[in-house]
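Below are the chains, spelled out letter by letter.
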Amino acid sequence: MKGPAKQLRGRAARLAQLMPAGNSSAARTPFVLLVVLLLGGGLITLLLLNSSLNEGSFQLSALKKRTTDLTDEEQALQRDVDDYSAPYALERRARELGMVPGGSPAFLDPDGTVKGVPEESEALPSAPPSPLTEATPTVVVPSPAPAPPGAADPSYPSGPAVSPSGSATPPGDVPGTLAGTPAPTTSGR
């Protein structure tokens, strides 16, 4: 054998010629760079994917909250509709409009005869408010400005006065005065 290394023959010699005989760090450098680039690219891709998933989850949670809010609002509106369409509420509003329950109906036969006795409906006395009805709002009327000299007295009503219950009183029958007696007037003297 010659030299420090043993001479190779045949197939081994041909393979040895293909491999570099010197320092092999130059052959490893591109491989290491390729592995580092693949790992870095994978890491960056994972970070971008993670951030887009987080953004999607934030949008999803915001949409779920909005859906919950809209569902609550829909339920509140449905409760209002149910309250307004309840029989007691319809009756109360009909009475406020001056409607009264109908009397006995009469029917006409095809030959023109009347079956039943028609009756005229009469207004029922107003019932005391039930606990389910709303309170009657208080109306505040501002005091009128002083009238110019020689003008008619604004404290004397010229039309029907309206009482808090909503019924009209004829002129001159103003609450707080004697019936038929005009309200006291003030003169500008």
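Residues numbered from 1 in each chain as written. Predicted model: local features only at pLDDT ≥ 70, side-chain atom pairs only at ≥ 80, totals over all residues. Heavy atoms only, no water.

Remarks on the overall build of the chain
Rule in force here: The secondary structure listing takes helices from DSSP runs of H or I that are at least 4 residues long and strands from runs of E that are at least 2 residues long, numbered from the N terminus. Each residue gets one of three labels from its accessible area relative to the maximum for its type: buried under 20%, exposed over 50%, partly exposed in between, using a 1.4 Å probe on protein chains only. Residue contacts are counted whenever heavy atoms from the two residues lie within 4.5 Å of one another. Here the accessible surface of atoms and residues is derived via Shrake-Rupley with a 1.4 Å probe, and residues count as covered only by protein chains that are part of the display.
Along the backbone of the chain there are three helices and four strands. Listing every helix and strand of the chain by position from the N terminus yields α-α-α-β-β-β-β. Classification of the 189 residues of the chain by burial places 5% in the buried group. Summarising the internal contacts of the chain: among those between residues at least 6 apart in sequence, 23% fall at separations of at least 24. When the accessible surface of the chain is split by element, carbon and sulfur atoms take 64% of a total near 17000 Å².

What about a nonpolar patch on the surface?
What counts is decided by this rule: Candidates for patches are residues over 30% relative accessible area with no salt bridge; among them, like charges are joined within 9 Å and nonpolar side chains (Val, Leu, Ile, Met, Phe, Trp, Tyr) within 5 Å. Salt bridge, as used here: a side-chain nitrogen of Lys or Arg that lies within 4 Å of a carboxyl oxygen of Asp or Glu.
On the surface, Phe 31, Val 32, Val 35, Val 36 and Leu 39 cluster together to form a nonpolar patch covering roughly 490 Å² of accessible area. Along the chain, Val 35 falls in helix 2 (residues 25-84).

Focus: the pattern of salt bridges
All chains considered together, the criterion is met by four salt bridges. Ionic pairing is found between Asp 69 and Lys 65, a salt bridge with its closest N-O pair at 3.3 Å. Linking Asp 69 with Lys 65, this pair stays in helix 2, spanning four residues, or about one helical turn. Note on Asp 69: relative accessible area 39%, which makes it partly exposed. Close ionic contact of Arg 92 with Glu 96 constitutes a salt bridge, the shortest N to O distance being 3.2 Å.

Remarks on the confidence of the model for the chain
Should pLDDT be low for a region, the predicted coordinates there are not to be read in detail. Quick note on the threshold: Per-residue confidence from the predictor is reported as pLDDT, a score between 0 and 100.
Taken as a whole, the chain shows an average pLDDT of 73; of its residues, 58% reach a score of 70 or greater. Strand 3 (residues 161-162) is the least confidently modelled element of the chain, averaging 46 in pLDDT, while helix 2 averages 94, the highest of any element. Below pLDDT 50 for its whole length, residues 153-183 participates in 26 contacts with residues either more than four positions away or in separate chains.

Details of the environment of Tyr 84
Along the chain, Tyr 84 turns up in helix 2. Ignoring any residue separated from it by four or fewer positions in sequence, one finds Tyr 84 in contact with Ala 89, Leu 90 and Arg 93.

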